[in-house]
Amino acid sequence: MTWVRVATTAAVPLGEMLGVSVNGFKLAIYHLDDDSFRATQNVCTHEFALLSDGWLEGSEVECPLHAGRFDVRTGRALCEPLKRDIAVFAVEVRDGEIFVALP
Ligand code: FES
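Residues numbered from 1 in each chain as written. Predicted model: local features only at pLDDT ≥ 70, side-chain atom pairs only at ≥ 80, totals over all residues.

(A) Summary view of the overall build of the protein. Check the secondary structure of the protein and you find 0 helices and 10 strands. Going from N to C terminus, the protein has its helices and strands arranged as β-β-β-β-β-β-β-β-β-β. A compact globule built from 103 residues should have a C-alpha radius of gyration of about 13 Å, and the protein, at 13 Å, falls within 12% of that. Taken over the C-alpha atoms alone, the protein extends approximately 40 × 25 × 20 Å along its principal axes. Burial status across the protein gives 26% buried among its 103 residues. For the protein, the proportion of contacts with a sequence separation of at least 24, taken over those separated by at least 6, is 39%. (Helix = DSSP H or I, 4+ residues; strand = E, 2+ residues; numbered from the N terminus. Rg over C-alpha atoms; globule rule 2.2 N^0.38 Å. Buried ≥ 20, exposed ≤ 12 C-beta atoms within 10 Å, placed from the backbone. Contact = placed C-beta atoms within 7 Å.)

What follows is the structure in structure tokens.
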């Protein structure tokens, strides 16, 4: 596992998300209402769509293509048409920088 810097905290305002590509991974970084930062894979498990192009409401992200929703804290798929969860990654904030643990 490697900790990789993905963005500054200022780049992800409260309640918003950001798509980044690092080390061959497409990640979505979320800044939740409780002020925590989270990271998941950015590509939906249903078809090809980037979750960061969708909508973040509370701790749920809605896919822009068919409105599938995932819990970004656990990766759990919450509704149809989703059959598979998304991967979640550990996040740490250090001195205004967001780091994600990649395998
Ligand atoms: Fe995400 Fe279909 S591509 S719900």
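Still more ground to cover, so stick around.
(B) Here's a closer look at the sheet that holds strand E10 (residues 97-102). An order of E1-E10-E9 is seen for the 3 strands of this open sheet, with the pairing classed as antiparallel. Every interior strand has two partners, whereas the edge strands, strand E1 (2-8) and strand E9 (91-94), have only one. With strand direction ignored, the average angle separating the axes of adjacent strands in the sheet is 30 degrees. Pairing of E9 with E10 involves 4 bridges; the strand directions are antiparallel. Its bridge partner being in E10, glutamate 92 is matched across the sheet by phenylalanine 99. (Pairing = 2+ DSSP bridges. Axes fitted to C-alpha atoms, helices over the stretch in contact; angles between N-to-C directions.)

(C) Spatial organisation of unusual backbone geometry. Residue glutamate 80 is joined to proline 81 through a cis peptide bond whose omega torsion reads 5 degrees. Even without being glycine, aspartate 95 reaches a positive phi, approximately 50 degrees. With respect to the secondary-structure elements, aspartate 95 resides in the loop between E9 and E10. Looking at aspartate 95, the number of C-beta atoms within 10 Å reads 6, which means it is exposed.

(D) Spatial organisation of the UniProt feature "domain: Rieske" (unreviewed entry) in the protein. Residues annotated by UniProt as "domain: Rieske" (unreviewed entry) correspond here to residues 3-100. Secondary structure within residues 3-100 divides into 0% helix and 44% strand; the distance between the first and last C-alpha atoms comes to 5 Å. (UniProt positions renumbered as here; feature names shortened; annotations may be inferred.)

(E) Inspection of the confidence of the model for the protein at higher detail. Summary statistics for the protein give a mean pLDDT of 98 and a share of 100% for residues scoring 70 or more. The ipTM value of the predicted complex is 0.99, and its pTM value is 0.97. (pLDDT = per-residue confidence, 0-100.)

(F) View of the environment of proline 64. For proline 64, the position within the fold is in the loop between strand E6 (60-62) and strand E7 (69-71). Considering only alpha carbons, one finds proline 64 and glycine 24, 40 residues apart in sequence, at a separation of 22 Å. Excluding its chain neighbours within four sequence positions, the residues that come into contact with proline 64 are Ala49, Asp53 and Gly54.

(G) Structural view of the sheet that holds strand E8 (residues 88-89). The strand order across the open sheet formed by 4 strands is E2-E3-E4-E8, and the pairing between neighbours is antiparallel. Edge positions in the sheet fall to strand E2 (17-22) and E8, since each of these pairs with one other strand and no more. Bridge count between strand E4 (residues 37-41) and E8: 2 bridges; the pairing is antiparallel. Note on E8: the bridge partner recorded for threonine 40 is valine 88.

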